[in-house]
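Residue strings, one per chain:
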Amino acid sequence: MTDTRRRVKVYTLNEDRQWDDRGTGHVSSGYVERLKGMSLLVRAESDGSLLLESKINPNTAYQKQQDTLIVWSEAENYDLALSFQEKAGCDEIWEKICQVQGKDPSVDITQELVDESEEERFDDMSSPGLELPPCELGRLEELAELVASSLPSPLRREKLALAVENEGYIRKLLELFRQCEDLENADGLHHLYEIVKGIFLLNRTALFEVMFSEECIMDVIGCLEHDPALGASPRRHRDFLTKTARFKEVIPIGDPELRAKIHQTYRVQYIQDMVLPTPSVFEENMLSTLHSFIFFNKVEIVGMLQDDEKFLTDLFAQLTDEATDDDKRHELVNFLKEFCSFSQTLQPQNRDAFFKTLSNMGILPALEVILGMDDVQVRSAATDIFSYLVEYSPSMVREFVMQECQQNDDDILLINLIIEHMICDTDPELGGAVQLMGLLRTLVDPENMLATANKTEKTEFLSFFYKHCMHVLSAPLLANTTEDKPSKVITRSHDFQTSQLLALILELLTFCVEHHTYHIKNYVINKDILRRVLVLTASRHAFLALCALRFMRRIIGLKDEFYNRYIMRNFLFEPVVKAFLNNGTRYNLMNSAIIEMFEYVRVEDVKSLTAHIVENYWKSLEGVDYVQTFKGLKLRYEQQKERQDNPKLDSMRSILRNHRFRRDARTLDDDEEMWFNADEDELEDGEAVVPPSDSKAGKPGGGAGEDEDLMDPISKFMERKKRRSRGGCVSFTRRALRRSGKLSLWGLCSGSLKGFHCPG
């Protein structure tokens, strides 16, 4: 099997400072006689040809990036890189390189030195700083080359960044940009594009603060419009930002610093998403500071808005005001949604304070009003906001809905509004319904419910939910299963949406069966829910029929006799057997799911259900012989009947079973092993006490043998035992058990048999 840890892509840096893919192969390290040293070898996975043979030079600076990338230079203008499929492979080769160079593998770069040619080119890089060429039109090409050649080396990037920062070079470059635009100097604009793009890749916060300042940011965007690859057709990013994109203050922002921060964040986000070219795998980590700049800006914006009580008060007042027009409310809801999305960048303690502030401002009553509106887009945005709240604190939402039920009718409760929107989702794929079902599942999950000394949230909330909300959730299910077969709507193959909705509801009900106790049990039994669900096994949509089977399987898996009696009383295996027979001999999920259900009853020996199935459905199932499940059920049933007819037999088995489990059957001592393995020749011939198991049937006049009680051979054994000496007792017993074929029943009980005392 191919070792994916060693799978790599080989890259070389071309004259245009772009990385070329030289092929994919598998890397190894070993001593190469020709190179007189340890080397890296890469052989192509297609034909085994040699893609790379590179000696690990003790003085070469190797750099590890992003956990899966190793980059180095073998000569001036010849840079190489290995991009690994897996981190483990990169770590393994990196350790080999560090071992050759005598370095600690925890470092990300093995050498901090540069060679002599680089020192000459960069005017002695060992000096405290780097001297940049004068910022003039005629020197732009030289500067662009300097920036491009500095990017591969962390040391060179650092020195270049310091030089650009200390000399105020960015403002000088932007002045040149305005001159080039006035003169329509295309070559100069192309060089400026490369320079400014390179400055972004220097990954330095101090440079970003200058570039993203109010007076510089639009010129920076202008530089990035003139990509040489676009020729004479530059992009019009500044036109979009100044003419198309409009900043709307849904609530007037009085703080000028906050307004400026919002403008800056939008523009920087636009630069990252739309203006900068997609970073290569080698450049991605060079933009980490840009990501951090946007992140911390969002944190500041959330904090400043959160502290502005007048702003938030006006926001929620207008949201819930009936006089607010639809367009305005749409803008308010979208603003609140974006506000909540920004909060995801906050640290946990700050996020706690944020949501507590929103809760105190009345966000949940406001959402209740919004969700009751007809505007689909407004409701969709409100659902996203509600999801943030449920994700943050489901207990806060539960507490609110339990309080409001004391004042409002069931129809306008927040949870019932959520359920109604799930049921009425118009999306053919039910995307919104799936999202809402996930939120409901979180709210009814006992795992995230709190318990205190005074009250239990689980008991209180589930009582509330089953009293006020469950009938709303199950309404579509009950409406589509009023008869013994699904309604015509869900039997038609084209009504996929209704079937999907019922499957979602069944998924949530199945979750309730697994995680709730008496609440769901009372509801299922009192409302006869399982019978209605099993009607769906006749659906033409296989996934819906399987959901119905899964619901019943979860109920059976509880092994709860209340459920079992309900199933038997209403003959609820009948639709399952019908579905099985209607499926015929097709080997599909339906077939497997039904057989697995019956197999579970057999393996777990659910006695009441076993008897019910055999007594009522055996004639329909006895012909199924491609699995042994149904014959096994019949055997279980007969064994039960035998025990019922012979109480003495059952009690004897119980006694032996108790002895059996006093010690682990797998830890037989040496004496017991010898007892089982001793040669049968030690026994007296013709001393069969227990007749062979196959003597009960198949012989003339053997009918009485079929009814022979297992206690008879044991009684004979005890009688003979009294007539034998103590020393022959164990051997005699072993022989009797072997010849009876009952070792499978008695073998592990040897300890108890050996414990019998023979009379002297």
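Residues numbered from 1 in each chain as written. Predicted model: local features only at pLDDT ≥ 70, side-chain atom pairs only at ≥ 80, totals over all residues. Heavy atoms only, no water.

Looking at this model, I keep getting lost on the packing of aromatic side chains. Mind explaining?
Tallied over the full model, the rule gives 20 aromatic pairs. Measuring from ring centre to ring centre gives 5.3 Å for Tyr62 and Trp72, while their planes differ by 35°; the resulting arrangement is tilted. With Tyr62 in the loop between strand S4 (50-55) and strand S5 (63-65) and Trp72 in strand S6 (residues 69-75), the pair connects residues that are 10 residues apart, well separated along the chain. We classify Tyr62 as buried; its relative accessible area is 0%. Classification of Trp72 by relative accessible area gives buried; the value is 2%. On the basis of an interplanar angle of 15° and a centroid distance of 4.5 Å, the ring pair of Phe355 and Tyr392 is categorised as stacked. (Phe/Tyr/Trp six-rings, centres within 6.5 Å; stacked < 30°, edge-to-face > 60°. Helix = DSSP H or I, 4+ residues; strand = E, 2+ residues; numbered from the N terminus. Buried < 20%, exposed > 50% of the residue type's maximum accessible area, 1.4 Å probe, protein only.)

Honestly, the environment of Val376 in this entry has me stumped. Any pointers?
On the secondary structure map, Val376 appears in helix H16 (residues 376-392). With relative accessibility at 52%, the residue Val376 sits in the exposed group. Residues Val376 and Asp425 lie 49 residues apart in sequence; the distance between their C-alpha atoms is 9.7 Å.

Explain helix H24 (residues 518-526) here, please?
Given 3.6 residues to a turn, an α-helix orients residues that are three or four positions apart in the same direction. For H24, every residue scored as buried is listed here: His519, Ile520, Lys521, Tyr523 and Val524. Elements that come into contact with the buried residues of H24 comprise helix H20 (457-468), helix H21 (470-479), helix H23 (496-515), helix H25 (529-534), helix H26 (542-557) and helix H27 (561-569). (Contact = heavy atoms within 4.5 Å.)

Quick question: what am I supposed to make of H27 here?
Three or more residues of H27 are buried, namely Tyr563, Asn564, Tyr566, Ile567 and Met568. On its buried side, H27 packs onto H24, H25, H26 and helix H30 (607-621). The backbone nitrogen of Phe562 has a side-chain oxygen 2.8 Å away, supplied by the residue at the start of H27, namely Asp560. Positive backbone phi, approximately 50°, marks Phe571, located one or two places after H27. (Polar contact = N/O pair within 3.5 Å; in protein donor to acceptor, adjacent residues only side chain to side chain.)

What am I meant to see in a nonpolar patch on the surface here?
Taken together, the side chains of Tyr31, Met38 and Val100 define a hydrophobic patch exposed on the protein surface, amounting to about 270 Å² of accessible area. Considering the arrangement of structural elements, one finds Val100 in helix H1 (residues 87-101). Note on Val100: relative accessible area 32%, which makes it partly exposed. (Patch = residues over 30% accessible without salt bridge, like charges linked within 9 Å, V, L, I, M, F, W, Y side chains within 5 Å. Areas by Shrake-Rupley, 256 points an atom, 1.4 Å probe, with all protein chains shown as cover. Salt bridge = Lys/Arg side-chain N within 4 Å of Asp/Glu carboxyl O.)

Could you clarify how one ought to interpret the packing of H30 against helix H31 (residues 629-645) in this entry?
How two helices sit against one another is set out by the angle between their axes and by the gap between those axes. Remark: H30 packs on H31, axes separated minimally by 9 Å, with the N-to-C direction vectors making an angle of 125°. In terms of orientation, H30 and H31 fall into the oblique class. Here the hand of the crossing between H30 and H31 comes out left-handed. In contact with Lys607, Thr610, Ala611, Ile613, Val614, Glu615, Trp618 and Leu621 of H30, H31 contributes Phe630, Lys631, Leu633, Lys634, Arg636, Tyr637, Gln640 and Arg643. Residues of the contact of H30 with H31, tallied by class, amount to 8 nonpolar, 2 polar and 6 charged. (Axes fitted to C-alpha atoms, helices over the stretch in contact; angles between N-to-C directions. Parallel < 35°, antiparallel > 145°, perpendicular 65-115°, else oblique. Left-handed = near helix turned anticlockwise from the far one by under 90°. Nonpolar A, V, L, I, M, F, W, Y, C, P; charged D, E, K, R; others polar.)

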